[in-house]
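Tertiary structure, described
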Amino acid sequence: MRFVCRFMAACAGLLMLVLGSAGAQDYPTRPITLIVPFAAGGPTDVVSRIVAEHMSRTLGQQIVIENVVGAGGTTASTRAMRANPDGYTLITGHMGTHAASVALYPNLAYNPATDFEPIGMIAGTPVLILAKKDFPPKDLKEFVAYVKANADKLNMAHAGVGSVSFTTCLLLNSILGVKPTTIPYNGTGPAMNALVGGQVDYMCDQIVNVVPQVQAGTIKAYAIGTPERNPALPDVPTAKEAGLPQFEASAWNALFAPKGTPKPVIDKISAALDKALDDEVTRKRLLDLGSELPGKAKRGPQALAELVKSEIARWTPVIKAAGPLN
Ligand code: MLT
């Protein structure tokens, strides 16, 4: 009797495998939903739409963007984790949702390193220190002195606890030893509108959302958190050049699927992303916005799995050192 059961179980497993790979062969047979954990128009939305456009052509099915906001992106990430692992629901996660949130949410509903199938990095997105156009300081040194002297009167915008803008400005504020009033938005798309409008004083944001505003002269950019200047903003100094070497801040956006999504399906989506990142037009659109495009070694599921682990290890002590959030 036990032999019959084992034989049946093996048959069932084999059948699933065959069906899975057969299903993968036809994948996709209908549109794919790509969840973006922040408001439309922000950096994660923009890079997602740029690669999704090319990937849709490769996969032969439309990739539909669904903006799901809340809790610094963890609401959307929880929804994506619980979605059917059939390849038709994906999410663009980033340094916040899939690394910093671990230390910021003790009861986080998901484990970024184990509850998702990593697909691949879309792009690195360096982070800048920004302020409204008429903010008095003219350079980073003056910014540091001014914020230290006036923190209790200042409003800092961010995209929710756990977001990149929240986490990187948490690093900045802990370096400066200040705790300004923080104003959450559903993404740095709307936060940037508030900065341009002068409703808030300063924020930290990913370069993709910053380049158009700096080029239009609607905000001030004091420094970038990467070792080198960015070709899209050659006049913006590095934080190190400008006298704040401790502000090392760069983010990334990447594609993930729910845990259990069949490997052949993951491989197909990852190959489509790889093709998009090799496409001249797609590359130019991302590079013009200051993105850092991953070389072949940094692409694909394995490289992303390693990045998630190393970024959790990178940001957890920073967040712990910053102390209680309020
Ligand atoms: C966005 O797209 O709004 C950002 O990625 C939010 C953030 O993490 O700062």
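Everything discussed here concerns the structure shown above.
The model shown is predicted, which means the values in this text are computed figures rather than measured ones.

A few words on the site of the ligand. Surrounding the ligand, one finds F38, G42, P43, T44, H94, A159, S163, V164, S165, G187, T188 and Q206. Contact distances for the ligand include 2.8 Å between an oxygen atom and a backbone N or O atom of T188. A total of 270 Å² of accessible area belongs to the ligand in isolation, and the protein chains cover 100% of it. Classifying every residue of the shell around the ligand gives four nonpolar, eight polar and no charged.

Here we take up the pairing of strand 9 (residues 250-258). With eight of nine residues buried, strand 9 lies mostly within the body of the structure. Looking at chain direction, strand 3 (residues 89-94) and strand 9 are connected through four bridges and run antiparallel. Its bridge partner lying in strand 9, H94 is registered against N253. Bridging between strand 4 (residues 116-132) and strand 9 involves nine bridges; their strand directions are antiparallel. Bridging from a neighbouring strand, G124 pairs with W252 of strand 9.

A separate point is the pattern of salt bridges. For the structure on display, the rule yields 15 salt bridges. The partner of D152 in a salt bridge is K153, with the nearest N and O atoms 3.8 Å apart. For the pair shown, D152 and K153 are each scored as exposed. A network of salt bridges, in which partner residues are shared, links D274, D278, K296 and R299.

Topologically, T74 is positioned in helix 3 (residues 74-82). Reaching out from T74, the side chain makes a polar contact with the backbone oxygen of A71 at a distance of 2.7 Å. Discounting chain neighbours no more than four positions away, the residues touching T74 are S101, Y105, L108 and Y110.

If you walk through the whole model with that rule in mind, you get one disulfide. C169 shares a disulfide with C204; S-S distance 2.1 Å. Between C169 and C204, the S-S torsion sits near 80°, and that sign places the bridge as right-handed. Highlighted residues: C169 in helix 6 (residues 164-176) and C204 in strand 7 (residues 202-206), separated in sequence by 35 residues. When sorted by exposure, C169 lands in the same class as C204, which is buried.

Another aspect to go through is the environment of G225. When you line up the elements, G225 lands in the loop between strand 8 (219-224) and strand 9. For G225, the residues in contact, after removing those within four places along its chain, are V127, F247, E248 and A249.

Scoring rules and cut-offs
Residues numbered from 1 in each chain as written. Predicted model: local features only at pLDDT ≥ 70, side-chain atom pairs only at ≥ 80, totals over all residues. Heavy atoms only, no water. Near = heavy atom within 4 Å. Polar contact = N/O pair within 3.5 Å; in protein donor to acceptor, adjacent residues only side chain to side chain. Areas by Shrake-Rupley, 256 points an atom, 1.4 Å probe, with all protein chains shown as cover. Nonpolar A, V, L, I, M, F, W, Y, C, P; charged D, E, K, R; others polar. Buried < 20%, exposed > 50% of the residue type's maximum accessible area, 1.4 Å probe, protein only. Helix = DSSP H or I, 4+ residues; strand = E, 2+ residues; numbered from the N terminus. Pairing = 2+ DSSP bridges. Salt bridge = Lys/Arg side-chain N within 4 Å of Asp/Glu carboxyl O. Contact = heavy atoms within 4.5 Å. Disulfide = S-S within 2.5 Å.

Purely geometric stuff here, so don't read any function into it on its own.
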